[in-house]
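Architecture and fold: a report
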Amino acid sequence: MEFRTRLTDLFGIRLPIVAGGLHWLANADYVAAAGRAGMIGFITAASFPDDAGLRDEIRRCRDLCEGAPFGVNVSMLPKLVQGERTDAIFDLIVREEVRFVETSGRSPEAYIPRLHAAGIKVIHKVPAVRFARKAAAVGADAVTVVGAECGGHPGLDLVGSIVQAVLAARDVPVPVAVGGGIGTGEQLVAALAMGAEGVTIGTRFLVAEEIWAHPDFKRRLIETDETGTELILSSLRNTMRVLRNETSRQVAAIEAAGEGSLETLLPHVSGKLGRVAYETGDTSRGALSVGHSVAFADRIEPLAAIVARLEAEAERAIDRLSAVVRR
(Lines give C-alpha, C1' and ligand atoms only; values in the text may rest on other atoms or scores of the structure.)
Protein backbone atom coordinates (compact mmCIF):
# COMPACT_ATOMS: atom_id res chain seq x y z
CA MET A 1 0.00 0.00 0.00
CA GLU A 2 1.27 3.46 -0.87
CA PHE A 3 -0.11 6.78 0.36
CA ARG A 4 0.37 10.28 -1.05
CA THR A 5 0.16 13.23 1.33
CA ARG A 6 2.17 16.40 1.81
CA LEU A 7 4.02 14.58 4.59
CA THR A 8 5.08 11.69 2.35
CA ASP A 9 6.15 14.19 -0.28
CA LEU A 10 8.17 16.20 2.26
CA PHE A 11 10.18 13.23 3.48
CA GLY A 12 10.10 11.05 0.38
CA ILE A 13 8.46 8.15 2.21
CA ARG A 14 5.89 5.53 1.22
CA LEU A 15 3.79 5.66 4.39
CA PRO A 16 2.62 8.81 6.20
CA ILE A 17 4.15 7.65 9.48
CA VAL A 18 6.80 9.31 11.63
CA ALA A 19 8.53 6.83 13.93
CA GLY A 20 8.65 8.83 17.14
CA GLY A 21 11.91 9.75 18.81
CA LEU A 22 12.52 7.56 21.86
CA HIS A 23 15.08 8.86 24.36
CA TRP A 24 17.97 6.38 24.78
CA LEU A 25 16.28 3.98 22.35
CA ALA A 26 16.11 5.80 18.99
CA ASN A 27 19.48 4.72 17.65
CA ALA A 28 20.61 3.87 14.13
CA ASP A 29 19.16 0.35 14.23
CA TYR A 30 15.63 1.56 15.01
CA VAL A 31 15.73 4.62 12.76
CA ALA A 32 17.14 2.74 9.79
CA ALA A 33 14.56 -0.01 10.22
CA ALA A 34 11.86 2.66 10.12
CA GLY A 35 13.28 4.07 6.91
CA ARG A 36 13.53 0.69 5.23
CA ALA A 37 9.90 -0.02 6.23
CA GLY A 38 8.69 3.09 4.39
CA MET A 39 8.52 5.59 7.27
CA ILE A 40 10.93 8.18 8.65
CA GLY A 41 12.63 8.00 12.03
CA PHE A 42 14.88 10.34 13.96
CA ILE A 43 18.01 9.57 15.96
CA THR A 44 17.60 11.19 19.40
CA ALA A 45 20.55 13.56 19.82
CA ALA A 46 20.04 13.77 23.59
CA SER A 47 20.95 10.10 23.90
CA PHE A 48 24.58 10.89 23.08
CA PRO A 49 26.75 12.71 25.63
CA ASP A 50 29.14 14.17 23.06
CA ASP A 51 29.24 15.22 19.43
CA ALA A 52 31.54 12.39 18.39
CA GLY A 53 29.06 9.74 19.49
CA LEU A 54 26.19 11.42 17.63
CA ARG A 55 28.34 11.87 14.52
CA ASP A 56 29.26 8.18 14.49
CA GLU A 57 25.60 7.16 14.94
CA ILE A 58 24.50 9.40 12.06
CA ARG A 59 27.09 7.77 9.80
CA ARG A 60 26.11 4.28 10.95
CA CYS A 61 22.44 5.07 10.30
CA ARG A 62 23.20 6.33 6.81
CA ASP A 63 24.90 3.02 6.02
CA LEU A 64 22.02 0.96 7.46
CA CYS A 65 19.28 2.98 5.74
CA GLU A 66 20.23 1.77 2.27
CA GLY A 67 19.19 5.09 0.75
CA ALA A 68 16.02 5.56 2.83
CA PRO A 69 15.52 8.96 4.52
CA PHE A 70 16.24 9.57 8.19
CA GLY A 71 16.71 12.53 10.51
CA VAL A 72 17.88 13.67 13.93
CA ASN A 73 15.63 14.63 16.85
CA VAL A 74 16.79 17.69 18.79
CA SER A 75 14.93 18.18 22.06
CA MET A 76 15.85 21.75 22.92
CA LEU A 77 16.19 22.34 26.64
CA PRO A 78 15.20 25.74 28.06
CA LYS A 79 17.83 28.36 27.39
CA LEU A 80 20.66 28.78 29.88
CA VAL A 81 20.31 25.25 31.26
CA GLN A 82 23.68 23.79 32.11
CA GLY A 83 24.87 21.41 29.42
CA GLU A 84 22.60 22.89 26.73
CA ARG A 85 24.20 21.81 23.42
CA THR A 86 21.61 22.83 20.83
CA ASP A 87 23.89 25.08 18.76
CA ALA A 88 26.68 22.50 18.62
CA ILE A 89 24.22 19.74 17.66
CA PHE A 90 22.79 21.76 14.80
CA ASP A 91 26.29 22.57 13.59
CA LEU A 92 27.05 18.85 13.54
CA ILE A 93 23.81 18.04 11.71
CA VAL A 94 24.68 20.58 9.02
CA ARG A 95 28.24 19.24 8.65
CA GLU A 96 26.97 15.68 8.33
CA GLU A 97 24.47 16.74 5.65
CA VAL A 98 21.45 15.31 7.46
CA ARG A 99 18.37 16.24 5.45
CA PHE A 100 15.67 16.23 8.15
CA VAL A 101 15.39 17.45 11.73
CA GLU A 102 12.66 16.96 14.34
CA THR A 103 12.63 19.64 17.03
CA SER A 104 10.75 19.95 20.31
CA GLY A 105 10.97 21.61 23.70
CA ARG A 106 10.98 25.26 22.65
CA SER A 107 10.45 27.29 19.51
CA PRO A 108 12.84 26.44 16.67
CA GLU A 109 12.59 29.99 15.29
CA ALA A 110 16.21 30.93 16.01
CA TYR A 111 17.56 27.89 14.16
CA ILE A 112 15.28 27.52 11.14
CA PRO A 113 17.13 30.03 8.88
CA ARG A 114 20.42 28.18 9.44
CA LEU A 115 18.80 24.79 8.80
CA HIS A 116 16.92 25.94 5.71
CA ALA A 117 20.09 27.50 4.32
CA ALA A 118 21.63 24.03 4.52
CA GLY A 119 18.65 22.46 2.74
CA ILE A 120 17.30 20.81 5.91
CA LYS A 121 13.56 20.37 6.44
CA VAL A 122 12.19 20.84 9.97
CA ILE A 123 9.23 19.11 11.65
CA HIS A 124 8.44 20.56 15.06
CA LYS A 125 6.62 18.57 17.76
CA VAL A 126 4.14 20.37 20.03
CA PRO A 127 1.43 19.43 22.57
CA ALA A 128 -1.16 22.02 21.47
CA VAL A 129 -2.50 23.54 18.27
CA ARG A 130 -1.58 27.08 19.32
CA PHE A 131 2.08 26.08 19.37
CA ALA A 132 1.69 24.42 15.97
CA ARG A 133 0.40 27.68 14.52
CA LYS A 134 3.43 29.49 15.91
CA ALA A 135 5.85 26.88 14.56
CA ALA A 136 4.34 27.16 11.10
CA ALA A 137 4.49 30.95 11.28
CA VAL A 138 8.24 30.93 12.03
CA GLY A 139 9.04 28.56 9.18
CA ALA A 140 8.67 24.94 10.30
CA ASP A 141 8.05 22.74 7.27
CA ALA A 142 5.68 20.44 9.17
CA VAL A 143 4.41 19.89 12.70
CA THR A 144 3.51 16.97 14.92
CA VAL A 145 0.70 17.70 17.36
CA VAL A 146 0.45 15.19 20.20
CA GLY A 147 -2.62 14.62 22.32
CA ALA A 148 -3.06 13.74 25.99
CA GLU A 149 -2.72 10.03 25.22
CA CYS A 150 0.96 10.28 24.26
CA GLY A 151 3.84 8.89 26.28
CA GLY A 152 6.30 11.44 27.59
CA HIS A 153 5.18 15.06 27.67
CA PRO A 154 1.59 15.75 26.54
CA GLY A 155 1.62 19.37 27.72
CA LEU A 156 -0.63 21.08 30.22
CA ASP A 157 -3.94 21.30 28.32
CA LEU A 158 -4.38 17.51 27.96
CA VAL A 159 -6.60 17.72 24.90
CA GLY A 160 -7.11 14.37 23.18
CA SER A 161 -5.58 13.43 19.85
CA ILE A 162 -8.89 13.17 17.98
CA VAL A 163 -9.70 16.83 18.77
CA GLN A 164 -6.15 18.03 18.17
CA ALA A 165 -6.10 16.38 14.74
CA VAL A 166 -9.18 18.17 13.44
CA LEU A 167 -8.27 21.56 14.90
CA ALA A 168 -4.72 21.41 13.59
CA ALA A 169 -5.76 20.22 10.13
CA ARG A 170 -8.21 23.11 9.84
CA ASP A 171 -5.95 25.81 11.21
CA VAL A 172 -2.29 25.00 10.47
CA PRO A 173 -1.07 25.62 6.90
CA VAL A 174 1.86 23.16 6.90
CA PRO A 175 1.56 19.35 6.93
CA VAL A 176 0.33 18.02 10.29
CA ALA A 177 1.10 14.62 11.80
CA VAL A 178 -1.00 13.69 14.81
CA GLY A 179 0.42 11.62 17.68
CA GLY A 180 -0.71 10.29 21.03
CA GLY A 181 -2.34 6.90 21.42
CA ILE A 182 -1.76 6.05 17.75
CA GLY A 183 -0.77 2.45 17.13
CA THR A 184 -3.01 0.86 14.48
CA GLY A 185 -3.76 1.14 10.80
CA GLU A 186 -7.37 2.04 11.55
CA GLN A 187 -6.14 5.09 13.44
CA LEU A 188 -3.91 6.08 10.54
CA VAL A 189 -6.92 6.06 8.20
CA ALA A 190 -8.97 7.98 10.77
CA ALA A 191 -6.24 10.63 11.11
CA LEU A 192 -6.14 11.10 7.35
CA ALA A 193 -9.95 11.33 7.28
CA MET A 194 -9.79 14.09 9.92
CA GLY A 195 -7.45 16.11 7.74
CA ALA A 196 -4.04 15.20 9.15
CA GLU A 197 -1.29 14.38 6.66
CA GLY A 198 0.01 11.47 8.72
CA VAL A 199 0.64 10.11 12.21
CA THR A 200 3.47 9.86 14.70
CA ILE A 201 3.90 6.51 16.43
CA GLY A 202 6.20 5.93 19.39
CA THR A 203 4.98 3.60 22.15
CA ARG A 204 3.64 0.97 19.73
CA PHE A 205 7.14 0.52 18.31
CA LEU A 206 8.83 -0.04 21.69
CA VAL A 207 8.41 -3.81 21.32
CA ALA A 208 10.20 -3.95 17.97
CA GLU A 209 13.18 -6.27 17.81
CA GLU A 210 15.37 -3.37 16.68
CA ILE A 211 14.77 -1.53 19.97
CA TRP A 212 17.79 -2.42 22.11
CA ALA A 213 15.88 -2.46 25.43
CA HIS A 214 15.88 -5.64 27.53
CA PRO A 215 13.28 -8.27 26.53
CA ASP A 216 11.76 -8.09 30.04
CA PHE A 217 11.00 -4.40 29.47
CA LYS A 218 9.19 -5.29 26.26
CA ARG A 219 7.34 -8.16 27.93
CA ARG A 220 6.07 -5.76 30.60
CA LEU A 221 4.65 -3.53 27.87
CA ILE A 222 2.93 -6.48 26.23
CA GLU A 223 1.28 -7.29 29.58
CA THR A 224 0.12 -3.67 30.04
CA ASP A 225 -3.26 -2.41 28.83
CA GLU A 226 -4.50 1.10 28.10
CA THR A 227 -5.00 1.80 31.83
CA GLY A 228 -1.39 1.04 32.72
CA THR A 229 -0.01 4.59 32.49
CA GLU A 230 -0.09 7.56 34.83
CA LEU A 231 0.36 11.34 34.62
CA ILE A 232 3.03 12.79 36.92
CA LEU A 233 4.98 16.04 37.39
CA SER A 234 2.00 18.34 36.97
CA SER A 235 3.23 20.18 40.09
CA LEU A 236 6.29 21.21 38.06
CA ARG A 237 4.12 22.19 35.08
CA ASN A 238 5.97 19.51 33.13
CA THR A 239 3.30 16.81 32.92
CA MET A 240 4.60 13.41 31.88
CA ARG A 241 2.74 10.21 30.97
CA VAL A 242 4.66 7.19 32.23
CA LEU A 243 4.29 3.48 32.87
CA ARG A 244 2.52 2.91 36.18
CA ASN A 245 5.14 1.53 38.59
CA GLU A 246 6.74 2.06 41.99
CA THR A 247 8.31 5.33 40.90
CA SER A 248 5.10 6.79 39.48
CA ARG A 249 3.26 5.92 42.70
CA GLN A 250 5.97 7.56 44.82
CA VAL A 251 5.93 10.70 42.70
CA ALA A 252 2.13 10.88 42.73
CA ALA A 253 2.15 10.59 46.54
CA ILE A 254 4.71 13.38 46.89
CA GLU A 255 2.70 15.64 44.61
CA ALA A 256 -0.58 14.81 46.34
CA ALA A 257 1.00 15.82 49.65
CA GLY A 258 1.88 19.22 48.16
CA GLU A 259 5.60 18.53 48.41
CA GLY A 260 6.38 18.43 44.70
CA SER A 261 9.49 20.41 43.79
CA LEU A 262 12.46 19.93 41.53
CA GLU A 263 14.57 18.93 44.53
CA THR A 264 12.12 16.33 45.84
CA LEU A 265 11.11 14.85 42.48
CA LEU A 266 14.28 14.84 40.39
CA PRO A 267 15.86 11.88 42.23
CA HIS A 268 12.84 9.77 41.22
CA VAL A 269 12.52 10.85 37.58
CA SER A 270 16.13 11.16 36.44
CA GLY A 271 16.61 9.90 32.91
CA LYS A 272 19.45 7.69 34.12
CA LEU A 273 16.94 5.57 36.06
CA GLY A 274 15.00 5.01 32.87
CA ARG A 275 18.12 3.86 31.08
CA VAL A 276 18.75 1.31 33.83
CA ALA A 277 15.25 -0.07 33.28
CA TYR A 278 15.97 -0.47 29.56
CA GLU A 279 19.29 -2.19 30.30
CA THR A 280 18.09 -4.58 33.01
CA GLY A 281 14.40 -5.06 32.25
CA ASP A 282 13.46 -4.01 35.81
CA THR A 283 10.48 -1.73 35.16
CA SER A 284 9.65 -1.13 38.83
CA ARG A 285 11.70 2.07 38.95
CA GLY A 286 12.17 5.03 36.66
CA ALA A 287 9.84 7.44 34.88
CA LEU A 288 9.34 5.37 31.73
CA SER A 289 7.56 7.24 28.94
CA VAL A 290 4.66 5.11 27.72
CA GLY A 291 1.43 6.17 26.02
CA HIS A 292 -2.04 4.67 25.69
CA SER A 293 -1.10 2.83 22.50
CA VAL A 294 0.76 0.34 24.69
CA ALA A 295 -2.61 -1.45 24.50
CA PHE A 296 -1.71 -2.49 20.94
CA ALA A 297 1.74 -3.90 21.78
CA ASP A 298 1.09 -7.62 21.69
CA ARG A 299 4.35 -9.31 20.64
CA ILE A 300 8.05 -8.78 20.07
CA GLU A 301 8.77 -8.82 16.35
CA PRO A 302 10.76 -6.94 13.70
CA LEU A 303 9.65 -3.38 13.05
CA ALA A 304 8.89 -4.30 9.45
CA ALA A 305 6.40 -6.92 10.70
CA ILE A 306 4.65 -4.36 12.92
CA VAL A 307 4.41 -1.98 9.96
CA ALA A 308 3.07 -4.73 7.70
CA ARG A 309 0.30 -5.35 10.23
CA LEU A 310 -0.46 -1.60 10.34
CA GLU A 311 -0.75 -1.58 6.56
CA ALA A 312 -3.11 -4.55 6.58
CA GLU A 313 -5.25 -2.86 9.24
CA ALA A 314 -5.34 0.33 7.19
CA GLU A 315 -6.38 -1.55 4.07
CA ARG A 316 -9.22 -3.29 5.93
CA ALA A 317 -10.35 0.07 7.34
CA ILE A 318 -10.46 1.59 3.86
CA ASP A 319 -12.41 -1.40 2.54
CA ARG A 320 -14.83 -1.07 5.45
CA LEU A 321 -15.43 2.59 4.61
CA SER A 322 -16.01 1.73 0.97
CA ALA A 323 -18.68 -0.74 2.02
CA VAL A 324 -20.59 1.63 4.29
CA VAL A 325 -20.35 4.92 2.38
CA ARG A 326 -22.59 5.61 -0.61
CA ARG A 327 -22.26 8.69 -2.80
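Now for a quick tour of the structure.

The next subject is the environment of Arg60. Within the secondary structure, Arg60 sits in helix H3 (residues 51-65). Distance from Arg60 to Asp29, taken between C-alpha atoms, is 8.6 Å for residues 31 residues apart in sequence. Those residues in contact with Arg60, other than ones at most four positions away along the chain, are Asn27, Ala28 and Asp29. Among the polar contacts listed, one links the side chain of Arg60 to the side chain of Asp29, at a separation of 3.0 Å.

This part covers the sheet that holds strand S2 (residues 40-44). Adjacent strands of a sheet pair through backbone hydrogen bonds, lying either parallel or antiparallel. Here we have 8 strands rolled up into a closed barrel, ordered S1-S2-S3-S4-S5-S6-S7-S8, and parallel in their pairing. Geometrically, the sheet is characterised by an average inter-axis angle of 25° between neighbouring strands, direction not taken into account. Sheet topology places strand S1 (residues 17-19) next to S2; 2 bridges connect them, and they run parallel. Pairing of Val18 across the sheet is with Ile40, part of S2. On top of the sheet, helix H8 (residues 185-193) reaches S1, strand S7 (176-179) and strand S8 (198-201); it is set at about 140° to S8, its chief contact.

On inspection of all chains with the given rule, the structure shows 5 aromatic pairs. Consider the rings of Phe11 and Phe100, whose centres lie 5.1 Å apart with planes at 75°: the pair is edge-to-face. One end of the pair, Phe11, is in helix H1 (residues 6-11); the other, Phe100, is in strand S4 (residues 100-104), with 89 residues separating them in the sequence. Of the two residues, Phe11 and Phe100, neither departs from the other in class, the shared state being buried.

For the pair helix H10 (residues 246-256) and helix H11 (residues 262-269), interaxial distance at closest approach is 10 Å and the crossing angle is 170°. Considering the angle they form, H10 stands roughly antiparallel to H11. Facing H10, whose interface residues are Thr247, Gln250, Val251, Ile254 and Glu255, H11 presents Thr264, Leu265, His268 and Val269. Partitioning the contact of H10 with H11 into residue classes produces 4 nonpolar, 4 polar and 1 charged.

Moving on, we come to the pairing of S2. When you tally the buried positions in S2, you get 5 out of 5 residues, the bulk of the element. Between the parallel elements S1 and S2, the chain passes through helix H2 (residues 28-36) in a crossover that is right-handed. Relative to strand S3 (residues 71-75), S2 runs parallel, the two being bridged by 3 bridges. Counted as the bridge partner of Phe42 is Gly71 from S3.

This brings us to the nonpolar core. The biggest cluster of nonpolar side chains holds 68 residues, and the ones touching the most others in it are Ile17, Tyr30, Met39, Ile93, Phe205 and Leu303. Look past the residues within four positions of Ile93 in its chain and what remains in contact with it is Val72, Val74, Val98, Val101 and Ile120. Counting residues in hydrophobic clusters, the runner-up holds 14 residues, among them Val138, Val143, Val174 and Val176.

About the cut-offs
- Residues numbered from 1 in each chain as written.
- Predicted model: local features only at pLDDT ≥ 70, side-chain atom pairs only at ≥ 80, totals over all residues.
- Heavy atoms only, no water.
- Helix = DSSP H or I, 4+ residues; strand = E, 2+ residues; numbered from the N terminus.
- Contact = heavy atoms within 4.5 Å.
- Polar contact = N/O pair within 3.5 Å; in protein donor to acceptor, adjacent residues only side chain to side chain.
- Pairing = 2+ DSSP bridges.
- Axes fitted to C-alpha atoms, helices over the stretch in contact; angles between N-to-C directions.
- Phe/Tyr/Trp six-rings, centres within 6.5 Å; stacked < 30°, edge-to-face > 60°.
- Buried < 20%, exposed > 50% of the residue type's maximum accessible area, 1.4 Å probe, protein only.
- Parallel < 35°, antiparallel > 145°, perpendicular 65-115°, else oblique.
- Nonpolar A, V, L, I, M, F, W, Y, C, P; charged D, E, K, R; others polar.
- Right-handed = clockwise from strand over helix to strand, strands pointing away.
- Core = buried A, V, L, I, M, F, W, Y, C linked by side-chain atoms within 4.5 Å.

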